[in-house]
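Residue-level structural notes
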Amino acid sequence: MTKHLLLTLSLLLCVAFGSSAQLKSYKSKSGYSYWVRTPTNLKPTDKLPVIIFLHGRSLSGHDLNRVKRYGVLRAIERGKDLDAIVIAPQTSNGWNPDKVIEVLDKVLKDYPADEQRVYVCGMSMGGYGTMDVAGKYPDRIAAAVAICGGGTKSYACNLTQVPLWIQHGSADTAVPASESKKIYNAIKKCDKNADATLTIIPGGTHGSVERLFHGEKIYDFMFRYKKDDKALTYSKKRK
């Protein structure tokens, strides 16, 4: 293959990534359908971090447009600039960690993503889902943010391996803050030095904490962390 042809192909790839729609939907009959959002002028040589956003129960169903009503995609729609690939799947009945990782693997295969910088965040039912994904696959997740949710106690010791920021409003009547406190205490019981932070937001309601997705702090927190090669190698061997 000539240098001229290689250059032409490279330019075509750059154009394809850079000019394609920033938000693309993928339908699935057996797994989760999902959105993938990419930054402007994405190049095939990029290695971008990945943010997985898990929605709450009110956005469940089979209409992907519902997933854009709040959270990371909504923040981007309102001007939030994230230099990351965002994955936003939709479930119709609770979050299955295996299916979330299945979506992640598809995106890692098809997009210029950095598997060492995969983050998961969510609120309400998505907060529970976030903790379950990080709890079942701690070797795949670099950091996680769970908002107004809770967690599965059987994953508590696994969760000590993942940097976590758990946040909950003190005035939440839909999912009480005690749910976040329970999983946080379980994690600290497994390892008192675990990198887990619990923040109770004074006066925060179940809906008002959605504003966290529109700020900088949760993204700054997640982007501080990166998985090492050893953890990823271990993850691949288990499959």
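A few words now on the environment of Asp105. Within the secondary structure layout, Asp105 lies in helix α3 (residues 97-110). The exposure class assigned to Asp105 is partly exposed, which follows from its relative accessible area of 27%. Between the C-alpha atom of Asp105 and that of Glu115, which follows or precedes it by 10 residues, the distance is 9.2 Å. Within polar-contact distance, the side chain of Asp105 engages the side chain of Arg140 at 2.7 Å.

Let's shift gears to the side chain of Lys80. On the secondary structure map, Lys80 appears in the loop between α2 (72-77) and β4 (85-90). At 2.7 Å, the side chain of Lys80 forms a polar contact with the side chain of Glu216. With sequence-adjacent residues up to four places away left out, Lys80 is seen in contact with Ala75, Phe213, His214, Gly215, Glu216 and Tyr219.

As a further point, take the packing of α3 against helix α4 (residues 125-136). Relative orientation of the contacting elements α3 and α4 amounts to 75 degrees, with a least axis distance of 9 Å. Overall, the two elements α3 and α4 adopt an arrangement that is roughly perpendicular. Here α3 contributes Pro97, Asp98, Val100 and Ile101 to the contact with α4, which in turn contributes Asp132, Val133 and Lys136.

Turning to the confidence of the model for the protein, a few remarks are in order. Counting all residues, the mean pLDDT for the protein is 89, and 87% of those residues have values of 70 or more. With pLDDT under 50 throughout, residues 3-21 is counted as low confidence; its partners more than four residues away or in other chains account for 14 contacts. Contacts from residues 234-239, a stretch scored under 50 in pLDDT, to residues over four places away or in other chains number 8 contacts.

This next bit is on the state of the cysteines. In the structure shown here, the tally under the stated rule is 1 disulfide. Residue pairing for Cys157: its cysteine sulfur links by disulfide to Cys190, the two sulfurs lying 2.0 Å apart. Measuring handedness by torsion sign, the sulfur bridge of Cys157 and Cys190 sits at about -65 degrees and is left-handed. Taken together, the positions of Cys157 in helix α5 (residues 156-159) and Cys190 in helix α6 (residues 178-190) put the pair 33 residues apart, joining distant regions of the chain.

Between its first and last C-alpha, α6 extends 18 Å over 13 residues, near the 18 Å set by a 1.5 Å rise per residue. Restricting attention to buried positions, one finds in α6 the residues Ser180, Ile183, Tyr184, Ala186 and Ile187. Projected down its long axis, α6 shows its buried positions confined to an angular sector of 160 degrees, all on one face. Buried residues along α6 sit against α4, α5, β7 (164-169) and β8 (196-201).

Rules used in this analysis
- Positions within a chain are numbered from 1, following the residues in the order the chain's sequence is written.
- Since the coordinates come from a predicted model, pLDDT governs what is reported: local features require at least 70, and pairs of side-chain atoms require 80 or more to be given and counted, while whole-chain, interface and lining totals use all residues.
- Neither water nor hydrogens contribute to the side-chain values; these are computed over all heavy atoms in the structure.
- Note on conventions: DSSP H or I runs of at least 4 residues are helices, E runs of at least 2 residues are strands, and numbering of each starts at the N terminus.
- The cut-offs for exposure are 20% and 50% of the maximum accessible area for each residue type, with area from a 1.4 Å probe on protein chains only; residues under the lower value are buried, those over the upper are exposed, and the others partly exposed.
- Throughout this description, a polar contact denotes any pair of N or O atoms lying within 3.5 Å of each other; where both atoms belong to protein, one of them has to be capable of donating a hydrogen while the other can accept it, and for residues adjacent in sequence the pair is counted only when both atoms sit in side chains.
- By the convention used here, residues are in contact when the closest approach between their heavy atoms is within 4.5 Å.
- Here the axes come from fitting lines to C-alpha atoms, over the contacting stretch only for helices, and the angles between their N-to-C directions go from 0 to 180 degrees.
- Working definition: roughly parallel below 35 degrees, roughly antiparallel above 145 degrees, roughly perpendicular at 65 to 115 degrees, and oblique for all remaining angles.
- On a range of 0 to 100, pLDDT expresses the predictor's confidence in each residue.
- Working definition: a disulfide is two cysteine sulfur atoms within 2.5 Å of each other.
- Helix span is expected to be 1.5 Å times the residue number reduced by one.
- Taken from the helix axis, the directions to the C-beta atoms give the arc we talk about.

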